[in-house]
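Structural description and commentary
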Amino acid sequence: MDEGGVVTEDEIAEGLVRLGLDSTSSVLVHASLRSFGRVDGGAEAVCRALIGTCGTVMMISGTWDLTGVAAPPGLVRPHNAYFNAETWAAFDEALGSAVPFTPDLPVDRWLGRVAETMRLGFAHERSTHPLFSFLAIGTHARRLIEAQRLEWPLGPIEALAELRGHVLLLGVGHTSNTTIHLAEQQLGRSRFYRYAKVAPGSWMELPNVSGESHRFDEIEPELRPVTTELRIGDCRARLIAVEDVLACASRLIVTDPAAMLCRDQDCRCEAALQQRLAILPC
Ligand SMILES: [Zn+2]
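Figured I'd write up the structure that's included with this text. Residue numbers here run from 1 along each chain, matching the order of that chain's written sequence. Note on the predicted model: pLDDT of at least 70 is required for a residue's local features to be given, and 80 or more for side-chain atom pairs to be given and counted; whole-chain, interface and lining totals, by contrast, use all residues. Side-chain metrics rest on all non-hydrogen atoms present in the structure, leaving aside hydrogens and water.

1. Regarding the coordination of the zinc ion
Note: metal donors comprise N, O and S atoms at 2.8 Å or less from the metal (3.2 Å for Na, K and Ca); water molecules are not included, so apparent gaps in a site are possible. Protein-derived ligands of the zinc ion are His-214 (NE2), Cys-262 (SG), Cys-267 (SG) and Cys-269 (SG), with the metal-ligand distances lying across 2.0 to 2.3 Å. Taken together, the four donor atoms coordinating the zinc ion span angles of 107 to 113° at the metal, a pattern that classifies the geometry as tetrahedral. For the zinc ion, the single-chain donor residues occur in sequence as H-x47-C-x4-C-x1-C. By relative accessible area, which is 15% here, Cys-267 ends up buried. For every residue, the accessible area obtained with a 1.4 Å probe (protein chains only) is divided by the maximum for its type, and the residue is called buried under 20%, exposed over 50%, and partly exposed between those limits. On the basis of relative accessible area, Cys-269 is assigned to the buried category, the value being 1%. Donor angles set the geometry label: tetrahedral for four donors if every angle is between 85 and 135 degrees, square planar for four and octahedral for six if opposite donors exceed 155 degrees and the others are between 65 and 115, irregular for anything else.

What follows is the structure in structure tokens.
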């Protein structure tokens, strides 16, 4: 980083190499552009560094803000922690203002500028889940994207584990680490039904959408021995094998069904816990 605090594409690429990444690596990236400080070339420079260094780059490209709707009136699943439209008129109005998923929809803003820049500026594969799509670039992009199913949205992360891939956290915490949700779901926890517009006047119920992650940083001490960490500019960059995240999160949840969940009865955490308890022997 120079005296003006500006990080360059080369410095980002160099940091990724120092983390141990190369053209044989497959990574699921969760990134905060702002965490770097100022980046010469902005989000595009981050994308070029990632694509230029790693063999395969995957990011979450969800469109919930545009495609998601409330549950219809009266449709209440057990332990589902969601809200219903109060009337069918209100539901139809919300359905009217939502849009069905198409591959050219922008990535939700809360998923960060890097994913949206990746979508806009670089040839990619993108899955078509109405709420929770992934995009991927590089060697194994198609294999990862094809691993997503409507009823199992986190399938691409399972495929990434088979490739011995890694989770790369760039300036974000484990609250952004979706792989922990996969471990939860494999153990019957955090499997929610959610709803999306899929065509004019039509909506779909989608199972196994993940829930709350606000306590996921509690996994940090457990993962530290298998985490590679360094700074790129101001960005705290962490690399962890997908298999290690899954094994560690699973161990915590098997030991304590409420691991990484809060105890607020009104939080989605409570519904996730009840789902897990429901499948445990009494
Ligand atoms: Zn909570």
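2. Quick word on the sheet that holds strand β5 (residues 68–69)
Criterion used throughout: strands pair if DSSP finds at least two bridges between them. Runs of E in the DSSP output that reach at least two residues are strands. Runs of H or I that reach at least four are helices, and both are numbered from the N terminus. Here three strands make up an open sheet; going across it, the order is β5-β9-β10 and the pairing antiparallel. The open sheet terminates on both sides in strands that have one partner only, identified here as β5 and β10 (202–209). Relative to strand β9 (residues 192–199), β5 runs antiparallel, the two sharing two bridges. If you follow Gly-68 over to β9, its bridge partner there is Ala-196.

3. Let's talk about helix α2 (residues 42–53)
Across its twelve residues, α2 extends 17 Å between first and last C-alpha, which sits within 8% of the 16 Å expected from 1.5 Å per residue. If you check which residues of α2 are buried, you get Gly-42, Ala-43, Ala-45, Val-46, Cys-47, Ala-49, Leu-50 and Thr-53. Note on contacts: a residue pair qualifies if any of its non-hydrogen atoms lie within 4.5 Å across the two residues. In the core, the buried residues of α2 are packed alongside α1 (9–19), β2 (26–31), β3 (38–39), β4 (56–60), α5 (113–121) and β8 (166–170). Helix span is expected to be 1.5 Å times the residue number reduced by one.

4. Topic: the pairing of β4
Counting buried residues along β4, five of its five residues qualify, which places the element largely inside the surrounding structure. Because side chains alternate across β4, one face comprises the buried residues Thr-56, Met-58 and Ile-60, and the other comprises Val-57 and Met-59, equally buried. As paired elements, β2 and β4 share three bridges and run parallel to each other. Residue pairing across strands places Leu-28 opposite Met-58, the latter belonging to β4. Note: β4 against strand β7 (residues 134–138), five bridges, orientation antiparallel.

5. Concerning the sheet that holds β4
Ordered by their spatial adjacency, seven strands build an open sheet running β6-β7-β4-β2-β8-β12-β11, and the pairing between neighbours is mixed. Of all the strands in the sheet, just β6 (125–126) and β11 (228–232) have a single pairing partner and so form its edges. Here α5 sits on the sheet in contact with β2, β4, β6 and β7, set at roughly 120° to β4. The axes are straight lines fitted to the C-alpha atoms, using for helices just the contacting stretch, and the angles between their N-to-C directions are given from 0 to 180°. The strands touched by helix α10 (residues 242–255) are β8 and β12 (235–241); relative to β12, the strand with the most contacts, the crossing angle is about 80°.

6. Some points on the pairing of β10
Across six bridges, the pairing between β9 and β10 is antiparallel. Looking at the pairing, Ala-196 lines up with Met-204 of β10. Counting the residues between successive antiparallel strands, the hairpin from β9 to β10 contains two residues, one of them, Gly-201, with a positive phi of roughly 75°.

7. Remarks on the packing of aromatic side chains
Paired rings are identified among Phe, Tyr and Trp, the last through its six-membered ring, by centres lying within 6.5 Å, and are further divided according to the angle between planes into stacked (under 30 degrees), edge-to-face (over 60) and tilted (the rest). On inspection of all chains with the given rule, the structure shows six aromatic pairs. In this structure an aromatic cluster arises from ring pairing among Tyr-82, Phe-83, Trp-88, Phe-91, Tyr-195 and Trp-203. Its guanidinium or amino end placed over the ring of Tyr-193, Arg-77 lies 3.8 Å from that ring's centre, counting from NZ or CZ. A ring is considered to have a charge above it if a Lys NZ or an Arg CZ atom is located within 6 Å of its centre and within 35 degrees of its normal.

8. Quick look at the side chain of Lys-197
With respect to the helices, strands and loops of the structure, Lys-197 is situated in strand β9. Working convention for charge: Lys and Arg count positive, Asp and Glu count negative, and His plus the chain ends are omitted. For this document, the term salt bridge refers to a Lys or Arg side-chain nitrogen within 4 Å of an Asp or Glu carboxyl oxygen. This buried residue, Lys-197, is left without a salt bridge; Asp-92 holds the nearest opposite charge, at 9.9 Å. Pairing of N or O atoms within 3.5 Å defines a polar contact, subject to two protein rules: one partner must be a possible hydrogen donor and the other a possible acceptor, and residues neighboring in sequence count only if both atoms are side-chain atoms. A polar contact is formed between the side chain of Lys-197 and the backbone oxygen of Leu-95, at a distance of 3.0 Å. In this structure the side chain of Lys-197 is engaged in a polar contact, spanning 3.0 Å, whose partner is the backbone oxygen of Ala-98. Residue contacts for Lys-197: discarding those within four places in its chain leaves Thr-67, Val-69, Leu-95, Gly-96, Ala-98, Val-99, Pro-100, Phe-101, Ser-202 and Trp-203.

9. Description of the packing of helix α7 (residues 155–162) against α10
Taken N-terminus to C-terminus, the directions of α7 and α10 make an angle of 115°; their axes are 8 Å apart at the nearest point. Taken as axis vectors, α7 and α10 run roughly perpendicular relative to one another. The residues of α10 that touch α7, namely those facing Ile-157, Leu-160 and Ala-161, are Val-242, Glu-243 and Leu-246. Charged means Asp, Glu, Lys or Arg here, nonpolar means Ala, Val, Leu, Ile, Met, Phe, Trp, Tyr, Cys or Pro, and polar covers whatever is left, Gly included. Split by residue class, the contact of α7 with α10 holds five nonpolar, no polar and one charged. Throughout this description, any angle smaller than 35 degrees is read as roughly parallel, any larger than 145 degrees as roughly antiparallel, any in the 65 to 115 degree range as roughly perpendicular, and the remainder as oblique.

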